[in-house]
Amino acid sequence: MNSSDCSYAVELYDLVPLQILQWFYILTSTVSIILVFYSARHCMRRTIFENVTKELIIFLYFFIVIYSICLILTQLSQLVYRYIAREKCDAQVPKTWCIFRYILTVVACSFAILHSGITAQHGLSAFSFGKRAQMIVSRVAIILSFVYPAIYGVMAYYKDSLAGRTAYCSGFTANSEGVLMFNVYLVLVMDVLNALASLLLWKYNTDRLRAEQSYDLSISFHRRQNLYAMRQFMPIATLHAIVYLVFFVTVYFGQHIKSTMSPGWYLFTSAVANVIPHYCFLCPLILLFLIRRDRFERTSHIYFGALKDQWNKKS
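A short tour of the structure in this document, coming up. Because the structure is predicted, anything quoted here is derived from the model rather than measured. Throughout this description, residue numbers start from 1 for each chain and increase along the sequence as written. Thresholds applied to this predicted model are a pLDDT of at least 70 for local features of residues and 80 or more for the giving and counting of side-chain atom pairs; totals over whole chains, interfaces and linings are not thresholded and use all residues. As a convention, hydrogens and water are excluded, and side-chain values are obtained from all of the structure's heavy atoms.

**Considering the overall build of the protein**
Looking only at helices and strands, the protein features 10 helices and 2 strands. Counting from the N terminus, the helices are the DSSP runs of H or I reaching at least four residues and the strands are the DSSP runs of E reaching at least two. Ordering the α and β elements of the protein from the N terminus gives α-α-α-β-α-α-β-α-α-α-α-α. For each residue, the accessible area found with a 1.4 Å probe, counting protein chains only, is set against the maximum for its type, and the residue is called buried under 20%, exposed over 50%, and partly exposed in between. Going through the 315 residues of the protein one by one, you find that 48% of them count as buried. For the protein, the exposed area adds up to about 15,600 Å²; of that, 69% sits on carbon and sulfur atoms. Surface exposure here means Shrake-Rupley accessible area, sampled with a 1.4 Å probe, where a residue is shielded only by the protein chains that are shown.

Right, dumping it as structure tokens:
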């Protein structure tokens with residue numbers, strides 16, 4: 001162990017705000033997992049999401065759980081090795097624990113892929129494409145949410161060794177920084193386009209519902225169902241776009257202020273800037289709130305709303 005590694009470990013050992021933040025992430029990640037399982041088990045059936053949309057949301061929940069578990073393991077391992085260290089310099093974890101940090105780093109892009117898949121499925125439904133086409137798009141998004149992070153992770157971390165010990169497992173390493181920054185820009189573009197597409201689809205469905213003169217109740221019901229599903233999910237998509245925009249800004253400016261701070265305090269500010277755990281906490285919480293708030297708005301309510309619209313048009 002060289003002197004720079006030891007001094008870094010000592011600085012992190014004495015950095016109480018970092019330890020408080022680590023316990024905070026462990027707590028919020030645990031609550032995130034509980035919210036996901038509760039929402040998936042008790043509340044998903046209360047919505048009138050199409051089965052294709054439900055499937056995408058379930059996989060979104062799956063990646064939230066994976067991210068949260070990896071974050072808990074990463075932070076908890078750091079804290080355990082700190083508490084059992086005989087000397088401050090010994091408060092270092094085996095680099096094999098860093099694999100969980102690498103996993104949660106690459107898994108974060110799966111959220112954007114699945115959000116785009118849900119928007120694409122809503123778009124196909126709005127333009128009256130069949131269930132088969134919607135299912136194909138859904139399955140492609142799900143496959144990409146696994147394949148892209150795997151390829152991205154290999155490209156980013158294949159040069160990083162898991163031998164030895166480190167004072168802290170960081171997602172950004174000297175070898176991975178270029179690939180990670182490219183992915184940050186790519187996901188930001190995906191989020192902006194997805195948010196724009198969601199707004200345009202909302203406007204399209206609203207305008208068509210008002211303008212269509214067809215007396216076919218199934219068409220009116222279909223429009224209302226799309227608007228209801230989008231109303232349930234748009235806050236989640238907006239949340240992810242805002243969270244990732246904040247993440248992008250903090251990462252971008254963090255690279256410029258790195259030289260003005262000590263390694264420990266730069267690590268702390270980077271950990272604070274990582275707002276993805278807040279998304280993992282707020283996403284199932286907001287969706288749970290929206291589902292419970294609208295739990296009495298079932299298919300029959302939307303059907304009779306469509307019937308009322310057609311009656312008014314005939315009158």
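**Side note on the pattern of salt bridges**
One side-chain nitrogen of Lys or Arg within 4 Å of one carboxyl oxygen of Asp or Glu is enough to make a salt bridge. According to the stated counting rule, one finds 2 salt bridges in the structure shown. Of the charged contacts, one joins Asp14 and Lys88 as a salt bridge, the two residues approaching to 2.9 Å between their closest N and O atoms. Linking Asp14 in helix H1 (residues 3-14) with Lys88 in the loop between helix H3 (51-84) and strand E1 (93-94), this pair joins segments that are 74 residues apart in sequence. What makes Asp14 partly exposed here is its relative accessible area of 42%.

**Observations regarding a nonpolar patch on the surface**
Judged by side-chain polarity, Phe62, Ile143, Phe146, Val147, Ile151 and Met155 come together as a nonpolar surface patch covering roughly 550 Å² of accessible area. By relative accessible area, Ile151 is classed as partly exposed at 47%. By definition, no residue in a patch forms a salt bridge, and every one has over 30% relative accessible area; like charges are joined within 9 Å, nonpolar side chains (Val, Leu, Ile, Met, Phe, Trp, Tyr) within 5 Å.

**Considerations on the nonpolar core**
For the purposes of this section, nonpolar cores are sets of buried Ala, Val, Leu, Ile, Met, Phe, Trp, Tyr and Cys residues that join through side-chain atoms within 4.5 Å. The biggest cluster of nonpolar side chains holds 65 residues, and the ones touching the most others in it are Leu60, Ile64, Tyr67, Phe111, Ile276 and Tyr279. Examining the composition of this core, we find that 11 residues originate from one element, helix H4 (residues 98-126), more than from any other. In this structure Tyr67 touches Leu104, Val107, Ala108, Phe111, Asn274, Ile276, Pro277 and Cys280, once residues within four positions along its chain are discounted. Should any heavy atoms of two residues lie within 4.5 Å, those residues are considered in contact.

**Side note on the packing of aromatic side chains**
Aromatic rings considered in pairs are described by the distance between their centres and by the relative angle of their planes. For Phe, Tyr and Trp, rings pair up if their centres lie within 6.5 Å, where Trp contributes its six-membered ring, and each pair is then called stacked (planes under 30 degrees apart), edge-to-face (over 60) or tilted (otherwise). Enumeration over the complete set of coordinates arrives at 13 aromatic pairs. Geometrically, the ring pair formed by Tyr185 and Phe248 is edge-to-face, given 5.3 Å between the ring centres and 70° between the ring planes. Placement of Tyr185 in helix H6 (residues 177-211) and of Phe248 in helix H7 (residues 217-257) is noted, with a sequence separation of 63 residues between them. Given a relative accessible area of 15%, Phe248 falls into the buried group. One aromatic cluster is present, formed by Phe59, Phe62, Phe63 and Phe146 through successive ring pairs. Each ring is checked for a lysine NZ or an arginine CZ that lies within 6 Å of its centre and within 35 degrees of its normal; such an atom marks a charge sitting over the ring. Over the aromatic face of Tyr13 sits the side chain of Arg82, whose NZ or CZ is 4.2 Å from the ring centroid.

**Describing the side chain of Gln22**
Mapped onto the fold, Gln22 is located in helix H2 (residues 16-42). Note on Gln22: relative accessible area 5%, which makes it buried. Contact partners of Gln22, with chain neighbours within four places excluded, come to Gln75, Gln78, Leu79 and Tyr168.

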